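Summary of the model geometry
So the chains spell out like this:
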Amino acid sequence: DGSSRSEHSNAFCTGFGRFRRICLFDTLLPLMSEDEIVAVLGHEIGHDRLFHVHTRLVFGIFYSFLMLYALGKFLTSRSIGSAFFVAH
């Protein structure tokens, strides 16, 4: 039902455990041959088998904490505050 939202063709995998899904937009099907569709499906299965969704989630959480830590250091730094003319 992707064609009702967009004309862009896409495929993705998402979810965890028994809720894992591989989605192929219906706009993808008329544009490709059967071999190309099998290749796209194989590519998405590879993402699933190599746990790319899990890996990206872990890296995203780590990066968020890293950026929040850096923001905290930035906001409490006297030297950076003086560079931006913020009085402490």
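Now for a look at the structure at hand.

**Points about the environment of Asn10**
- The residue Asn10 is located in the segment before β1 (11-14) in this model.
- With relative accessibility at 31%, the residue Asn10 sits in the partly exposed group.
- Taking the C-alpha atoms as reference points, Asn10 and Val40, separated by 30 residues in sequence, lie 9.6 Å from one another.
- Once residues within four sequence positions are removed from consideration, Asn10 is found in contact with Cys23, Leu24, Phe25, Thr27 and Leu28.

**As for unusual backbone geometry**
- The backbone of Phe51 shows a phi angle near 60°, a positive value even though the residue is not glycine.
- Mapped onto the elements of the fold, Phe51 is located in the loop between α1 (34-49) and α2 (52-76).
- For Phe51, a relative accessible area of 45% corresponds to the partly exposed category.

**Examining α1**
- Over its 16 residues, α1 extends 22 Å from the first C-alpha to the last, a length consistent with the 22 Å expected when each residue adds 1.5 Å.
- Along α1, the residues classified as buried are Ile37, Val40, Glu44 and Asp48. Mapping the buried residues of α1 onto a view down its axis gives an arc of 90°, with all of them on the same face. Relative to its buried face, α1 has exposed residues pointing more than 90 degrees away, namely Asp35, Val38 and Arg49.
- On its buried side, α1 packs onto β1 and β2 (21-24).
- Two residues or fewer past α1, Phe51 is found with a positive phi of approximately 60°.

Procedures and definitions
Residues numbered from 1 in each chain as written. Predicted model: local features only at pLDDT ≥ 70, side-chain atom pairs only at ≥ 80, totals over all residues. Heavy atoms only, no water. Helix = DSSP H or I, 4+ residues; strand = E, 2+ residues; numbered from the N terminus. Buried < 20%, exposed > 50% of the residue type's maximum accessible area, 1.4 Å probe, protein only. Contact = heavy atoms within 4.5 Å. Expected span 1.5 Å × (residues − 1). Arc of directions from axis to C-beta.

In short, shape yes, function no, at least from these values alone.
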